[in-house]
There are 2 protein chains.
Amino acid sequence: MGAHSVAVLGATGVVGQEILSILEERRFPVRTLKALASPRSVGKTVRFNGETVPVEAAGPTSFKGVELVLASAGASVTRELAPAIAASGAVLVDNSSAFRMRSDVPLVVPEVNGDAIAGHRGIIANPNCVAILLCVAVAPLHRAACVERIVVSTYQAASGAGLAAMRELEHQTRAVLAGEAPAPAALPHPIAFNVFSHNAAIGPDGYNGEETKVMNETRKILGAPELRITATCVRVPVLRAHTESINLALRDPLGEARAREILSASPGIEVVDDRERNTFPMPLAATGKDLVYVGRIRDDPSQPEGRGLQLFVCGDQLRKGAALNAIQIAERL
Amino acid sequence: MGAHSVAVLGATGVVGQEILSILEERRFPVRTLKALASPRSVGKTVRFNGETVPVEAAGPTSFKGVELVLASAGASVTRELAPAIAASGAVLVDNSSAFRMRSDVPLVVPEVNGDAIAGHRGIIANPNCVAILLCVAVAPLHRAACVERIVVSTYQAASGAGLAAMRELEHQTRAVLAGEAPAPAALPHPIAFNVFSHNAAIGPDGYNGEETKVMNETRKILGAPELRITATCVRVPVLRAHTESINLALRDPLGEARAREILSASPGIEVVDDRERNTFPMPLAATGKDLVYVGRIRDDPSQPEGRGLQLFVCGDQLRKGAALNAIQIAERL
């Protein structure tokens with residue numbers, strides 16, 4: 001594979017930083033690297049492969065000669081820049097929600113539907129972080145026994161709301177322990193020693209934007225438009241790995257023993273399911289790791305025998321939930 | 001109502017302390033108060049109604065003349081002392097799991113099945129904290145539309161594991177923020193900035209002891225032996241209020257608007273469901289409060305119309321989840 005001219009859009013953000021470090025780690029063949037961000041980041045630099053790269057303001061003229069854009073900016077910024085990226089001939093792997101549900105844009109988790117990449121027309125969307133972890137864990141079971149319904153409740157880290165939210169968790173926690181009660185800023189509610197319903201706006205059906213993404217994107221990634229799914233997305237005082245409690249209804253009987261075998265043999269998964277030592281996936285243990293950790297694999301007694309399963313899943317929100325998945329897509333291109 | 005001779009068993013524990021403060025707050029008619037605990041607490045004192053009460057070692061002779069025992073000791077201690085309590089003629093309201101599933105012991109949440117108190121034979125059991133909050137929220141909907149299946153995932157505070165776990169959450173968090181990595185002691189896994197599957201031992205069915213309590217006790221409290229229920233119990237870094245994400249399948253169609261009306265008119269509940277301001281129940285807001293807070297009330301699109309509901313529920317684990325519920329039982333006696 002020849003080396004490529006790569007632009008990282010949103011290079012100063014928490015996902016952008018993770019993209020740069022994973023490109024290095026995985027020795028992605030980069031010939032030239034452009035670090036793009038909003039105008040207010042101009043003057044900053046980023047480090048890449050031992051060099052200092054100045055941050056440039058992203059604009060319509062930023063993409064000349066670029067072959068690959070790894071974007072982790074907001075949906076509206078990416079939507080605005082997409083025509084310029086297309087005109088430059090670069091392929092856009094986009095972390096935002098801008099294009100995820102467009103029928104001509106593949107929405108890809110490489111372990112699950114990597115084949116969809118081949119059909120791209122210049123844009124490949126990287127799914128929502130909760131949907132990525134969910135699909136890595138559920139896809140192998142779906143193939144084996146056809147998942148008919150999913151009930152998922154999440155335990156989401158501050159990182160999903162960006163660097164400011166991660167810092168707020170730390171600063172606020174320190175302040176609370178010192179007897180203060182600081183007002184929340186990056187997040188709408190106190191996060192230190194608290195839990196709250198995900199802060200995305202609520203739609204007319206009562207589901208918040210995060211939940212709607214999880215439900216719609218999971219159907220698209222699994223190629224299962226009829227899949228019934230309900231999600232409750234919740235923030236917890238954790239820095240950067242998400243956890244999910246997943247209840248599955250299966251069309252075909254499977255059973256927990258077979259489910260464990262299937263999951264143990266599936267790509268991107270490590271089964272952590274030690275009942276004797278009470279050791280299961282934990283966000284702290286998943287932090288900085290590339291795999292999706294799956295445990296608490298058990299039959300659900302509230303469903304017909306073999307037709308219900310429970311899972312407890314963790315994965316690093318910034319790596320597999322965002323930057324790593326995007327780079328795995330780029331590697332397959 | 002005349003004043004009573006009351007013994008608090010486990011008076012130095014976190015629930016015992018809460019019992020003493022709620023007895024005061026609600027002006028429960030106490031004539032004499034005995035503070036009982038394990039021998040290692042002898043020498044300590046507790047405060048009650050402005051007086052200093054010495055802690056006595058709980059033993060078979062502790063209950064002479066006592067009319068009411070409010071117990072929050074371990075199940076084995078309470079099981080051992082129960083014959084002496086019965087012999088003294090006192091009524092035992094027990095927070096432990098020792099007698100909860102015995103067919104001759106009422107398991108009571110006053111708002112739900114307060115009538116069951118009348119049938120007691122000397123022991124009334126106070127349910128598991130998760131089951132109490134769940135039943136307060138679900139019972140009115142069950143009466144209206146018959147709940148057939150419950151899928152619940154919890155976000156449980158450190159308080160459920162006692163005072164040492166609460167202190168560990170604080171100390172460990174402070175240490176982590178200072179760059180240290182202290183070994184967990186009161187809890188089996190790190191709790192600062194982490195989430196883990198509840199530490200109760202795992203049974204042969206893969207469910208942990210906490211989950212099994214929630215499932216069995218909910219059926220008993222609701223008087224619904226056929227109810228299908230599955231629980232995933234999880235610890236989060238929160239001090240003293242539990243949160244639950246609850247998915248319901250209903251036999252009869254209901255719909256979220258009617259569900260909200262019913263919940264708003266039900267005892268022990270405050271509906272907090274402001275979609276516009278993204279304000280829903282939060283453990284921090286429920287701390288120190290007596291009510292069960294219910295929000296995120298919405299139809300579940302993964303079930304037939306009107307037959308599925310989602311709820312997000314919070315309540316103070318030490319008050320309604322333990323001490324307050326026990327005293328509400330005693331008040332009804």
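Residues numbered from 1 in each chain as written. Chains lettered and ligands numbered in written order. Predicted model: local features only at pLDDT ≥ 70, side-chain atom pairs only at ≥ 80, totals over all residues. Heavy atoms only, no water.

Colleague: Go over the relation of the copies chain A and chain B with me, naming the residues and quoting the values.
Modeller: By a simple turn and slide, chain A fits onto chain B: the slide is 0.0 Å along the axis, the RMSD is 0.0 Å, and the turn is 180°. Such a combination of turn and shift is consistent with a two-fold rotation axis. A high fraction, 100%, of the interface residues of chain A reappear at the interface in chain B, so the copies pair face to face through one surface. (Least-squares fit on C-alpha atoms with pLDDT ≥ 70 in both. Contact = heavy atoms within 4.5 Å.)

Colleague: Hey, could you go over the interface of chain A and chain B for me, with residue numbers and the actual values?
Modeller: Opposite the 58 residues of chain A that make contact, chain B presents 59 residues. Each partner contributes to the roughly 4,800 Å² buried at the junction of chain A and chain B, and carbon and sulfur atoms together form 56% of this total. Counting across the interface, chain A meets chain B through six salt bridges. A salt bridge links A:R298 to B:E211; the nearest nitrogen and oxygen atoms lie 3.6 Å apart. Applying the counting rule to chain A against chain B returns 38 residue pairs in polar contact (both at pLDDT 80 or more). Those elements that place two or more of their residues in the side of chain A that touches chain B are β8 (147–155), α5 (163–177), β9 (196–197), β10 (228–232), β12 (241–250), α8 (283–286), β14 (292–299) and β15 (308–316) of chain A. (Buried area = accessible area lost by both parts, 1.4 Å probe. Salt bridge = Lys/Arg side-chain N within 4 Å of Asp/Glu carboxyl O. Polar contact = N/O pair within 3.5 Å; in protein donor to acceptor, adjacent residues only side chain to side chain. Helix = DSSP H or I, 4+ residues; strand = E, 2+ residues; numbered from the N terminus.)

Colleague: With reference to specific residues and values, describe the sheet that holds strand β5 (residues 68–71) of chain B.
Modeller: Residue and element names in this part refer to chain B. Here seven strands make up an open sheet; going across it, the order is β3-β4-β2-β1-β5-β6-β7 and the pairing mixed. Strands at the two margins of the open sheet, each flanked by one partner only, are β3 (45–48) and β7 (123–125). Going from strand to strand, the sheet's axes swing by 25° on average, the running direction of each strand aside. Here β3 pairs with strand β4 (residues 51–57) via four bridges, running antiparallel. Paired with R47 across the strands is T52, a residue of β4. Across the sheet, helix α1 (residues 14–25) lies against β1 (4–9), β2 (30–37), β3 and β5, angled at about 25° from β3, the strand it touches most. Against the sheet, helix α9 (residues 319–332) touches β5, β6 (91–94) and β7, its axis set at about 165° to β5. (Pairing = 2+ DSSP bridges. Axes fitted to C-alpha atoms, helices over the stretch in contact; angles between N-to-C directions.)

Colleague: Let's hear about the environment of A:L68: which residues, and what values?
Modeller: All names here are of chain A. The topology assignment puts L68 in strand β5 (residues 68–71). For the pair L68 and V93, spaced 25 residues apart in the sequence, the C-alpha separation amounts to 7.6 Å. Those residues in contact with L68 that sit more than four places away from it in its chain are S5, V6, A7, F28, A90, V91, V93, A330 and L333.

Colleague: Before we move on, could you go through helix α4 (residues 129–145) of chain B and cite the residues and values that matter?
Modeller: Because each turn of an α-helix spans 3.6 residues, side chains separated by three or four positions end up pointing in the same direction. Residue and element names in this part refer to chain B. With 17 residues, α4 extends 24 Å between its outermost C-alpha atoms, agreeing within 8% with the 24 Å of an ideal straight helix rising 1.5 Å per residue. The largest bend in α4 amounts to roughly 40° and is located at V138, with the proline P140 lying one to four residues further along. The buried count for α4 comes to 15 of 17 residues, which makes it a mostly enclosed element. The N-cap of α4, judged by a side-chain oxygen 2.8 Å from the amide nitrogen of V130 a few residues on, is N128. Within two residues after α4, C146 carries a phi angle of roughly 55°, on the positive side. (Expected span 1.5 Å × (residues − 1). Bend = angle between axes of the 7 residues up to and from the residue. Buried < 20%, exposed > 50% of the residue type's maximum accessible area, 1.4 Å probe, protein only.)

Colleague: Provide a residue-level description of the nonpolar core, including the pertinent values.
Modeller: A:L23, A:L33, A:L70, B:L23, B:L33 and B:L70 are the most contacted members of the largest nonpolar core, which totals 88 residues. Ranked by size, the runner-up nonpolar core spans 63 residues in total, among them A:L81, A:I221, A:A224 and A:L309. (Core = buried A, V, L, I, M, F, W, Y, C linked by side-chain atoms within 4.5 Å.)

Colleague: Quick one: what's the story with the packing of aromatic side chains, residue by residue and with numbers?
Modeller: Tallied over the full model, the rule gives three aromatic pairs over all chains. Between A:Y155 and B:Y155, the aromatic rings sit 4.1 Å apart at their centres with planes inclined by 25°, giving stacked as the arrangement. In this pair, A:Y155 sits in strand β8 while B:Y155 sits in strand β8 (residues 147–155), so the two residues belong to two different chains. Here the two residues A:Y155 and B:Y155 agree in accessibility, since each one is buried. When the centroid spacing of 6.2 Å and the interplanar angle of 75° are considered together, the rings of B:Y155 and B:F312 count as edge-to-face. In this pair, B:Y155 sits in strand β8 while B:F312 sits in strand β15 (residues 308–316), placing the two residues 157 residues apart along the sequence. This pair shows no difference in class: B:Y155 is buried, exactly as B:F312 is. Taken together, the aromatic side chains of A:Y155, A:F312, B:Y155 and B:F312 make up a single cluster linked through ring pairs. (Phe/Tyr/Trp six-rings, centres within 6.5 Å; stacked < 30°, edge-to-face > 60°.)

Colleague: Please give an account of the pattern of salt bridges that cites residues and values.
Modeller: Proximity of charged atoms lets side chains of opposite charge pair with each other. Residue and element names in this part refer to chain A. What the rule picks out here adds up to 36 salt bridges over all chains. Its salt-bridge partner being E331, residue R26 comes within 2.8 Å of it at the nearest N-O pair. Residue R26 is found in the loop between α1 (14–25) and β2 (30–37), and its partner E331 is found in helix α9 (residues 319–332); the two are separated by 305 residues along the sequence. Residue class for R26 comes out partly exposed when judged on its relative accessible area of 32%. Accessibility expressed as a relative area gives 29% for E331, which makes it partly exposed. Each member of the salt-bridge network shares a partner with another, and the members are E18, E25, R240, D290, D316 and R319.

Colleague: Just give me the short version of the sheet that holds strand β3 (residues 45–48) of chain A, but keep the residues and values in it.
Modeller: Residues and elements named next belong to chain A. Ordered by their spatial adjacency, seven strands build an open sheet running β3-β4-β2-β1-β5-β6-β7, and the pairing between neighbours is mixed. The open sheet has two edge strands, β3 and β7 (123–125), and neither has a second partner. The mean angle between the axes of side-by-side strands here comes to 25°, regardless of whether they run parallel or antiparallel. Across the face of the sheet, helix α2 (residues 75–88) comes into contact with β1 (4–9), β5 and β6 (91–94) while running at roughly 160° to β6.

Colleague: Any details on the pairing of β6(A)? Residues and values, ideally.
Modeller: All names here are of chain A. Covered by surrounding structure in β6 are V91 and V93 together with L92 and D94, the residues of both alternating faces. Where β5 meets β6, four bridges bridge the pair, whose relative direction is parallel. Bridging across to β6, L68 finds its partner in V91. In the classification by handedness, the crossover that spans β5, the intervening α2 and the parallel β6 is right-handed. Note: β6 against β7, three bridges, orientation parallel. (Right-handed = clockwise from strand over helix to strand, strands pointing away.)

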